[in-house]
Amino acid sequence: MAPRKNFRNQAKKEVKPAAVVNKNGVKAEATVAASGGGFSGTKIFTWFMVLALLGVWSSVAVVWFDLVDYDNVIERAKEFRFNFSEVLQGKLSAYDADGDGDFDVEDAKVLLGLKERPVSVLLREAKEESAVKEPDAVPPPDDDVDGSQNTDVESEIQAAVPLPPISDDFIPDDSRDEATHPYEDENNAIDTKGELVEKAQPQQTVEESKQYNDQPGSLETKETVQLRYNAEAESVPEPEADVEPEVESVPELKENAEDQPKDKLQEKPKKKKPKLLNKFEKTIKMEIDAAEKLRKKGKVEEAVRAFETLVLQYPQSPRCRYGKALAEDGLAEKMLSNDMLQKAIGTYKEASELPNATPDLIKATLKKRAERQQFLGRMRGALATLEKLVQIFPEDVALKNDLGVAHLLIGDNKGAKRIYEEVLATAPSDGFAKVHYGFILKSENKIAESIPFLRDGLESGHPGTDDGRFYFHLGDALQRMGDDSAYKWYERGHLRGHFASVWQRSLYNVDGLKAQPWWTPKDTGYMDLVKTLERNWRIIRDEAQSVMDKTTGLFVPEEENLREKGEWGQFTLWQQGKKAGEACRSVPKTCGLLERYPEATGCKRGQIKFSVMQPGTHVWPHTGPTNCRLRMHLGLVIPKTGCKIRCTNDTRAWEEGKVLIFDDSFEHEVWQDADSYRLIFIVDVWHPELTQYQRQTLSSI
C-alpha cells in the first residue's frame with residue numbers, strides 16, 4: 001500500500017520529478033506541476049494522457065491492490081489486442097466481457113483470465129454465431145437444414161441405393177445349394193464402393209452379438225450393423241440451400257486404366273443440394289436448425305424429443321417430420337433396435353405424404369425409406385417404395401437404376417432386365433445400367449453378349465460400377481471365350497482393391513488370413529480329421545457307391561453353370577454348418593465319423609458332399625466366394641490317368657485314400673478325361689486362423 005500512498009502524495013505536493021519504484025523494481029519518474037504553477041502546452045497534453053489512461057486502468061489497479069505497472073499493462077493490452085485509440089475515445093463496448101454494457105473491473109478480471117465469462121453471455125454469443133454459421137467439428141452424417149455447403153457427404157438424391165450384398169451365385173462355386181439369383185439378400189456390410197470386407201471381429205460373447213436381433217431379418221452382430229450404417233451414412237443428404245457441393249469423384253477408367261494407381265480420381269460436375277424447406281418452413285428455420293444441431297452432434301434422444309415437439313407445433317411441416325425420422329433413424333443405430341428403425345420407416349412415409357412437401361424432400365425421404373427397408377430385409381416393401389418414386393419422377397434415371405437393383409434383390413431378373421433396357425433406351429451411355437444389364441445377360445449364359453456391356457460399364461467409371469463382382473464376371477466371360485485379356489481385368493480389379501491378387505478373387509473375406517493355394521495336413525492343424533478320413537476311406541466310398549444309383553435321386557447335377565461340358569453330380573450332407581435334410585440317413589457311418597469335427601460340420605461357409613464326375617467333363621476356371629475356408633478332397637474312386645485339378649499354376653492328381661487340401665478362393669480348374677467316373681468326398685473346414693468368435697458370428701455362405 002505504501003507505493004500507492006507515496007504516489008498520490010507526490011501528485012499533490014511536489015513540483016520536481018520524483019523517482020518511484022514500481023512493483024518490478026523499476027524506477028519511473030512523474031513530473032507534475034505544483035498548485036498555482038504555470039502550464040505549458042506539452043504539460044497540458046501530458047496531463048491529458050495521464051488522466052485518460054489513469055481513468056481507464058484504475059480498475060485494473062484495483063484488481064491487484066498495488067501500484068499499476070504500466071509497462072506490464074501495455075504488454076497485456078497488446079496480448080488482448082486493445083485498440084488504444086478506441087479506449088481514449090470511450091469506445092469500450094468491444095471489451096465488455098461480462099455483458100453489462102460497460103468496461104469496468106469485472107471486465108478487466110475476465111480479460112486478464114482471473115474470472116470466467118458469465119454463462120448468459122456465452123449462450124447469447126452461441127445463438128448469434130448459430131444464426132450466422134453453424135460449424136461442426138465432425139462432418140454431419142445426415143442432412144443439414146439451412147442450405148449451406150457440406151462437401152464431405154454426397155447428396156442422397158445423387159447417390160444410388162447402396163449396392164446389395166454379394167450373393168453366392170454372383171461368385172460361382174461348386175455347390176448345388178448356392179443361390180440361384182445374382183442378388184440375394186445377405187446380412188453383410190458393404191462400403192460405398194460396393195466392396196465387402198469382413199474385418200477381424202473383437203472378442204465378444206455370443207449373447208452380446210445377438211442384441212440387434214429383435215425382429216426377423218436383423219443382422220447377426222453389432223459390428224455388422226455398424227458397418228452397414230457407416231456405409232449408408234455416406235449417402236445421406238445434407239440439404240443446404242443455394243450452395244453447390246463438391247460431388248464425390250469417381251475412379252477414372254480409360255483404355256490404360258489398369259496402369260493407373262487406385263487413387264486416381266476424376267472430378268464430376270457439381271450439382272445442387274436438395275431443397276427441403278417449403279416457404280412456411282423457412283420462417284421456422286431457426287427452430288429446425290436447433291433440433292437438427294442436436295442430431296448432428298449425436299444427441300439423438302434429445303433430437304427425437306425436439307423434433308416431436310416441432311411436429312406437435314407444426315403438424316403439416318414435412319421438414320419437421322423428416323427431421324423426426326432422421327433422428328429416430330439415428331436412435332435406432334445407437335440402440336441397435338429394429339423396432340425403432342421400423343418406426344423411422346413409418347415416419348419417413350408420413351413426411352413424404354404431407355402436402356407442400358418439396359419434390360427434393362419427397363425424393364430424399366422415400367429413398368431413405370427404401371434403403372432402411374432393404375436394411376431390414378423387407379425387399380418387397382423397398383421395391384414398392386422405389387416404384388412409387390419412379391412414378392413420381394419418371395425422368396430420373398438414377399431412380400430407375402435403383403429400381404432395377406430392387407428387382408434383383410428379390411430374384412426377379414426378368415423385371416430388372418426390363419428396367420435396364422428402358423434405361424439404356426433413353427440413356428445408352430449409363431454405366432450403372434450397362435454393368436447390371438451385362439451381368440444379367442451372363443447369368444442367362446449369354447456370355448458373348450454380356451462382355452461389351454460389362455466392359456463399357458466398367459470403363460465408364462460411373463458411380464456404382466467399380467465393384468468386384470463386375471470385374472469378376474467380365475474376366476470370367478472373357479476366359480470362357482478364350483480371351484486372355486481376362487487377366488488384365490483381374491489385375492485391374494486387384495489394383496482397385498477388390499481382389500487379394502489376380503489368382504485369389506474371393507469377395508467374402510476376412511483380412512489377414514494366411515493365403516496359399518495348396519496346404520498340407522500339418523499346415524491346417526486338422527491332423528486328426530485328415531487321419532480319420534484316410535483311415536476310413538473305404539467305408540466312406542462304399543456308402544457313397546450305395547447311393548449313386550440315379551433312381552434314388554440323391555446325386556443331383558451341378559447347377560452353378562461351371563461346366564464347359566460333361567456330367568457332374570453332387571450329394572450334399574452338410575450345408576452352411578447344418579445337416580442337409582435327411583441326407584445322413586443314407587450314409588450314417590460317414591456322418592458318424594464327422595460328427596466330432598466342428599471345424600467341418602460347423603463351417604457355415606462351406607459344404608460336406610460327395611462329388612462324382614463322368615468322363616469328358618471340364619470345369620471352367622473359377623474361384624470360391626470366401627477366404628474363410630479350406631477344401632479337403634478325399635479320393636474314393638480315382639482312374640489311373642486323365643483326372644487332374646489345377647490351383648493357380650500348380651496341377652495335381654487325386655489318389656484313392658489320400659486327402660488333397662487347397663484354398664478354393666484361388667482360381668482352380670478340373671479335367672476328367674478318363675474312361676470311367678471319378679468319385680471324391682469334399683469336406684470344407686474353417687480357415688485355421690479364424691478365432692472362435694469369428695466362426696460363431698461370420699454370416700453363412
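Residues numbered from 1 in each chain as written. Predicted model: local features only at pLDDT ≥ 70, side-chain atom pairs only at ≥ 80, totals over all residues. Heavy atoms only, no water.

The name recorded for the chain in an unreviewed UniProt entry is Aspartyl/asparaginyl beta-hydroxylase isoform X2, from Salmo salar. UniProt, in the comment section headed Sequence similarities (unreviewed entry), describes the chain in these words: "Belongs to the aspartyl/asparaginyl beta-hydroxylase family." (UniProt positions renumbered as here; feature names shortened; annotations may be inferred.)

K.L.:
So what's going on with the overall build of the chain? Which residues, and what values?
P.N.:
In terms of regular secondary structure, the chain is built from 27 helices and 19 strands. The burial tally for the chain puts 52% of its 701 residues in the buried class. Look at the contacts in the chain between residues 6 or more apart in sequence, and 69% of them connect residues 24 or more apart. Looking at the chain as shown, the accessible area adds up to about 32,000 Å², and 52% of this sits on carbon and sulfur atoms. (Helix = DSSP H or I, 4+ residues; strand = E, 2+ residues; numbered from the N terminus. Buried < 20%, exposed > 50% of the residue type's maximum accessible area, 1.4 Å probe, protein only. Contact = heavy atoms within 4.5 Å. Areas by Shrake-Rupley, 256 points an atom, 1.4 Å probe, with all protein chains shown as cover.)

K.L.:
Can you break down the state of the cysteines residue by residue, with the values?
P.N.:
Disulfides are covalent bonds that connect the sulfur atoms of two cysteines. Per the stated rule, a full pass over the model turns up 1 disulfide. There is a disulfide in this structure between Cys584 and Cys591, and the S-S distance comes to 2.1 Å. Residues Cys584 and Cys591 are joined through a disulfide that is left-handed, its torsion about the S-S bond being -85°. In terms of burial, Cys584 and Cys591 fall into one category: buried. No disulfide involves Cys603; its nearest neighbouring cysteine sulfur is the one of Cys628, lying 8.5 Å away. (Disulfide = S-S within 2.5 Å.)

K.L.:
Which residues make up the packing of aromatic side chains, and what are the values?
P.N.:
The tally for this structure, following the rule as stated, stands at 11 aromatic pairs. Ring centres 5.7 Å apart and planes at 50° place the aromatic pair Phe555 and Phe571 in the tilted group. With a gap of 16 residues between them, Phe555 in the loop between helix H24 (537-546) and strand S8 (556-557) and Phe571 in strand S10 (residues 568-575) connect regions that are remote in the sequence. According to the relative accessible area criterion, Phe555 is buried, its value standing at 16%. Phe571 gets classed as buried once you look at its relative accessible area, which sits at 3%. Here Phe571 and Phe610 contribute two aromatic rings whose centre-to-centre distance is 6.1 Å and whose plane-to-plane angle is 20°, an arrangement assigned as stacked. Of the two residues, Phe571 is situated in strand S10 and Phe610 in strand S12 (residues 607-613); the sequence distance between them amounts to 39 residues. (Phe/Tyr/Trp six-rings, centres within 6.5 Å; stacked < 30°, edge-to-face > 60°.)

K.L.:
Talk me through the sheet that holds strand S13 (residues 617-622); I want residue IDs and the actual numbers.
P.N.:
Overall, antiparallel pairing links the 5 strands, which are arranged S9-S13-S18-S15-S16 in an open sheet. Only two strands of the sheet have a single neighbouring strand rather than two, namely strand S9 (563-565) and strand S16 (650-652). Put simply, the sheet's adjacent strands are angled 20° from each other on average, direction ignored. Bridge analysis of strand S15 (residues 643-647) against strand S18 (residues 668-672) gives 5 bridges, and the strand direction is antiparallel. Paired with Lys644 across the strands is Trp671, a residue of S18. (Pairing = 2+ DSSP bridges. Axes fitted to C-alpha atoms, helices over the stretch in contact; angles between N-to-C directions.)

K.L.:
Can you lay out the side chain of Lys434 for me, pointing to particular residues and giving the numbers?
P.N.:
Examined against the element boundaries, Lys434 turns out to sit in helix H18 (residues 431-443). Residue classification places Lys434 among the buried positions, given a relative accessible area of 15%. Within the structure, the side chain of Lys434 is placed 3.5 Å from the backbone oxygen of Pro428, a separation counted as a polar contact. Discounting residues that sit within four places of it in the chain, Lys434 has contacts with Leu424, Pro428, Ser429, Phe453, Leu454, Asp456 and Gly457. (Polar contact = N/O pair within 3.5 Å; in protein donor to acceptor, adjacent residues only side chain to side chain.)

K.L.:
How would you summarise the pattern of salt bridges if you had to cite specific residues and measurements?
P.N.:
Oppositely charged side chains can form a pair if their charged atoms are brought close together. Counted under the stated rule, the structure contains 31 salt bridges. The closest approach of N and O atoms between Lys349 and Glu353, which form a salt bridge, is 2.8 Å. One end of the pair, Lys349, and the other, Glu353, are both in helix H13 (residues 338-353), 4 residues apart, so they sit about a helical turn from each other. Here Arg631 and Asp684 are joined by a salt bridge, their closest N and O atoms 2.7 Å apart. (Salt bridge = Lys/Arg side-chain N within 4 Å of Asp/Glu carboxyl O.)

K.L.:
Tell me about the packing of helix H19 (residues 447-460) against helix H20 (residues 468-480), residues and numbers included.
P.N.:
In contact at an axis separation of 9 Å, H19 and H20 are set at 140° when each is read in the N-to-C sense. With respect to H20, the element H19 is oriented oblique. In terms of crossing hand, the pair formed by H19 and H20 is left-handed. Every residue of H20 that contacts H19 at Ile447, Ser450, Ile451, Leu454, Arg455 and Leu458 is listed here: Phe470, Tyr471, His473, Leu474, Ala477, Leu478 and Arg480. (Parallel < 35°, antiparallel > 145°, perpendicular 65-115°, else oblique. Left-handed = near helix turned anticlockwise from the far one by under 90°.)

K.L.:
Now, about the pairing of S15: what can you tell me, with residues and values included?
P.N.:
Counting buried positions along S15 gives 4 out of 5 residues, so the element sits mostly inside the fold. In this sheet, S16 lies alongside S15 in antiparallel orientation, the contact comprising 3 bridges. Paired with Arg646 across the two strands is Thr651, which belongs to S16. Count of turn residues in the S15/S16 antiparallel hairpin: 2 residues, of which Thr648 carries a positive phi of about 55°.

K.L.:
Can you lay out the nonpolar core for me, pointing to particular residues and giving the numbers?
P.N.:
Ranked by internal contacts, the top residues of the largest apolar core, which has 53 residues, are Tyr322, Tyr420, Leu458 and Leu474. Listed in part, the 43 residues of the second largest apolar core include Val510, Met548, Leu573 and Ala600. (Core = buried A, V, L, I, M, F, W, Y, C linked by side-chain atoms within 4.5 Å.)

K.L.:
Describe the environment of Lys488, listing the residues and the values that go with them.
P.N.:
Here Lys488 lies in helix H21 (residues 486-495). In this structure the C-alpha to C-alpha distance between Lys488 and Gly475, which are 13 residues apart in sequence, comes to 8.1 Å.

K.L.:
Explain the confidence of the model for the chain to me, using residue names and the numbers behind them.
P.N.:
Fine structural detail should not be taken from predicted coordinates in areas where pLDDT scores are low. Averaged over all residues, the pLDDT of the chain equals 76, while 61% of them reach at least 70. Note on residues 77-95: pLDDT under 50 across the span, and 23 contacts to partners over four residues away in sequence or across chains. The model gives residues 184-236 a pLDDT under 50, and that stretch makes 156 contacts with residues more than four places away or in other chains. (pLDDT = per-residue confidence, 0-100.)

K.L.:
Now, about helix H10 (residues 285-296): what can you tell me, with residues and values included?
P.N.:
The first and last C-alpha atoms of H10 sit 16 Å apart over 12 residues, in line with the 16 Å expected at 1.5 Å per residue. The complete set of buried residues in H10 reads Ile288, Asp289, Ala291, Glu292, Arg295 and Lys296. On its buried face, H10 is in contact with helix H9 (279-283), helix H11 (300-313) and helix H12 (318-335). Immediately downstream of H10, the backbone of Gly298 shows phi near 85°, a positive value. (Expected span 1.5 Å × (residues − 1).)

K.L.:
So, the side chain of Asn401: which residues are in play, and what are the values?
P.N.:
In this fold, Asn401 is placed in helix H16 (residues 397-409). Judged by its relative accessible area of 4%, Asn401 is buried. At 3.2 Å, the side chain of Asn401 forms a polar contact with the side chain of Asp430. Sequence-distant contacts of Asn401, defined by excluding residues within four places in its chain, comprise Tyr420, Val423, Asp430, Phe432 and Ala433.

K.L.:
Before we move on, can you summarise H24 with the specific residues and values?
P.N.:
For H24, the set of buried residues is Trp537, Ile540, Glu543 and Ala544. Down the axis of H24, the sector holding all buried residues measures 130°, keeping them to one side. Looking at the buried positions of H24, the neighbouring elements they touch are helix H23 (527-535), helix H25 (588-594), S12, strand S14 (629-637) and strand S19 (678-686). (Arc of directions from axis to C-beta.)

K.L.:
Let's hear about unusual backbone geometry: which residues, and what values?
P.N.:
Notably, Asn561 is not glycine yet its phi reads approximately 60°, a positive angle. Looking at where Asn561 falls in the secondary structure, it is placed in the loop between S8 and S9. A relative accessible area of 32% means that Asn561 is categorised as partly exposed. Even without being glycine, Thr648 reaches a positive phi, approximately 55°. The topology assignment puts Thr648 in the loop between S15 and S16.

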